Amino acid sequence: MRTQVAIVGAGPAGLVLSHLLARAGLDAVVLESRSREYVEKRVRAGVLEQGTVDLLTQTGVGERLRQEGLIHHGIELRFEGRPYRIDLTELTGGRSITVYGQQEVVKDLIRARLDAGGQIRFEAEALGFAELDADRPRVRYLQAGQEQELTCDWVAGCDGFWGASRQAIPDGALRFYEKEYLHLSRARLRATQPAFTRDQPDVPPVPP
């Protein structure tokens, strides 16, 4: 079997990628080790940031999200029994977060892909990869007890930390800068703290 992009994993990442590629006129086949029923009931995160909501809406898969999602404009923290309201919408120029379960996003994307004739192969477990650095990489997968092969131009590994895709990455190809990342995260947190606490000086400071 031949396609332009082989996508391993039918979670939100793999399905959104398949959806965007189709809108750009590119063929893709999604391989998912679990059944459709399983992935549509798999409960994970339930909060979408504004950018995700905008993307789903602009690409035609946001109708049910707009109808059923719960918009949150801020949060309330309590220190020593005193409430402190953080108005996220005001602080971010009108942006907000929306409570909408990941399984609901997956349902919307699967329906959109299948209605458009997209290919999602459920219960198709990726076994391994060949010639990833060549012009025609291949993905071996198992479906209905039969080992099959998918030839493509590109492989997109969207099957998570423990998936077959990550195991296929050569040693040294990924580098983690934990100390630098942690330092940057703390610097950003300190930079935003005054905006939250300018009228509440007794809020505990960010730890060094």
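Here the structure is a predicted model, which is why all the values come from computation and not from measurement. Every chain is numbered on its own, with residues counted from 1 as its sequence reads. Per-residue local features are limited, in this predicted model, to residues with pLDDT of at least 70; the limit for side-chain atom pairs, both in listing and counting, is 80 or more; totals at the level of whole chains, interfaces and linings are taken over all residues. To get the side-chain values, take all heavy atoms of the structure and skip hydrogens and water.

## Let's talk about the overall build of the protein chain
Going along the chain from the N terminus, every DSSP run of H or I of four or more residues is numbered as a helix, and every run of E of two or more is numbered as a strand. Each helix and strand counted, the protein chain has 8 helices and 12 strands in total. Exposed residues in this analysis have more than 50% of their type's maximum accessible area, buried residues have under 20%, and partly exposed residues fall in between, with area computed by a 1.4 Å probe over protein chains only. Sorting the 208 residues of the protein chain into buried and exposed places 34% on the buried side. Here, two residues are considered to be in contact whenever any of their heavy atoms come within 4.5 Å of each other. In the protein chain, the share of contacts with a sequence separation of at least 24, taken over all contacts with a separation of at least 6, comes to 57%. If you sum the accessible surface of the protein chain, you get close to 13400 Å²; carbon and sulfur atoms cover 52% of it. Surface exposure here means Shrake-Rupley accessible area, sampled with a 1.4 Å probe, where a residue is shielded only by the protein chains that are shown.

## Notes on helix α1 (residues 12-23)
Here the expected length of a helix is defined as 1.5 Å per residue gap, with one fewer gap than residues. Compared with the 16 Å implied by 1.5 Å per residue over 12 residues, the 16 Å span of α1 between its first and last C-alpha is a close match. Of all the residues in α1, the buried ones are G14, L15, V16, S18, H19 and L21. Looking at the buried side of α1, the elements it contacts are β1 (5-8), β2 (28-31), α3 (50-58), α6 (102-115) and β8 (119-121). Looking one or two residues past α1, G25 carries a phi angle of roughly 85°, positive in sign.

## Some details on the confidence of the model for the protein chain
Summary statistics for the protein chain give a mean pLDDT of 87 and a share of 82% for residues scoring 70 or more. A low-confidence stretch, residues 194-208 (pLDDT under 50), is modelled with 18 contacts involving residues beyond four sequence positions or located in other chains. The pLDDT value expresses, per residue, how confident the predictor is, ranging between 0 and 100.

## What about the pairing of strand β6 (residues 82-87)?
Two strands form a pair only when DSSP identifies at least two bridges running between them. Bridge analysis of strand β5 (residues 74-79) against β6 gives 6 bridges, and the strand direction is antiparallel. What sits directly across from G74, in β6, is D87. Taking the residues that link successive antiparallel strands as the turn, the β5-β6 hairpin has 2 residues, and the phi of E80 there is positive, at about 55°.

## Looking at the sheet that holds β2
Pairing in this open sheet of 4 strands is parallel, and the strands run β8-β2-β1-β12 from one edge to the other. Each edge of the open sheet is held by one strand with a lone partner, namely β8 and β12 (154-157). For this sheet, the mean angle separating the axes of adjacent strands, direction not counted, is 20°. Where β1 lies against β2, 4 bridges are found, and the strand directions are parallel. Opposite V5, over in β2, you have A28 as the bridge partner. Here the axes come from fitting lines to C-alpha atoms, over the contacting stretch only for helices, and the angles between their N-to-C directions go from 0 to 180 degrees. Seen against the sheet, α1 touches β1, β2, β8 and β12 and runs at an angle of roughly 160° to β1.

## Concerning the side chain of T98
As for its placement among the helices and strands, T98 is situated in strand β7 (residues 97-99). The contact partners of T98, leaving out residues within four places of it in the chain, are G46, V47, L48, V53, L65, G69, L70 and I71.

## As for the sheet that holds strand β3 (residues 47-48)
Judged by pairing direction, the sheet is antiparallel, and its 3 strands sit side by side in the order β3-β7-β4 without closing on themselves. Because the sheet does not close on itself, it has two edges, and the strands there are β3 and β4 (70-72). Bridging between β3 and β7 involves 2 bridges; their strand directions are antiparallel. Residue pairing for β7: L48 is matched across the bridge by T98.

## Description of the nonpolar core
Buried Ala, Val, Leu, Ile, Met, Phe, Trp, Tyr and Cys residues that are joined via side-chain atoms within 4.5 Å together make up what is termed a nonpolar core. Ranked by size, the top nonpolar core spans 22 residues in total, and within it I7, L15, L48, L56, L109, I110 and I120 carry the most contacts. Listing elements by their share of this core, those giving two or more residues are β1, α1, β2, α3 and α6. Examining the composition of this core, we find that 4 residues originate from one element, α6, more than from any other. Those residues within four positions of L48 in sequence are excluded, and the remaining contacts are V53, L56, L65, I97, T98, Y100 and V105.

## Some points on the environment of G117
The topology assignment puts G117 in the loop between α6 and β8. On a C-alpha basis, the gap between G117 and A22 in space is 9.8 Å, while along the polypeptide they are 95 residues apart.

## Here we look at the pattern of salt bridges
For this analysis, a salt bridge means a side-chain nitrogen from Lys or Arg found within 4 Å of a carboxyl oxygen belonging to Asp or Glu. Per the counting criterion, the structure on display carries 13 salt bridges. Put simply, E104 and R64 hold a salt bridge, and the shortest N to O gap is 2.8 Å. Taken together, the residues span a long stretch of sequence, with E104 in helix α6 and R64 in helix α4 (residues 63-68) at a distance of 40 residues. Judged by relative accessible area, which is 16%, E104 ranks as buried. Here R64 and D108 are joined by a salt bridge, their closest N and O atoms 2.9 Å apart. Pair noted here: R64 is in helix α4 and D108 is in helix α6, with a separation of 44 residues, a long-range link. A relative accessible area of 9% places D108 in the buried class. Put simply, R64, E68, E104, K107, D108 and R111 are held in one network by salt bridges that share partners.

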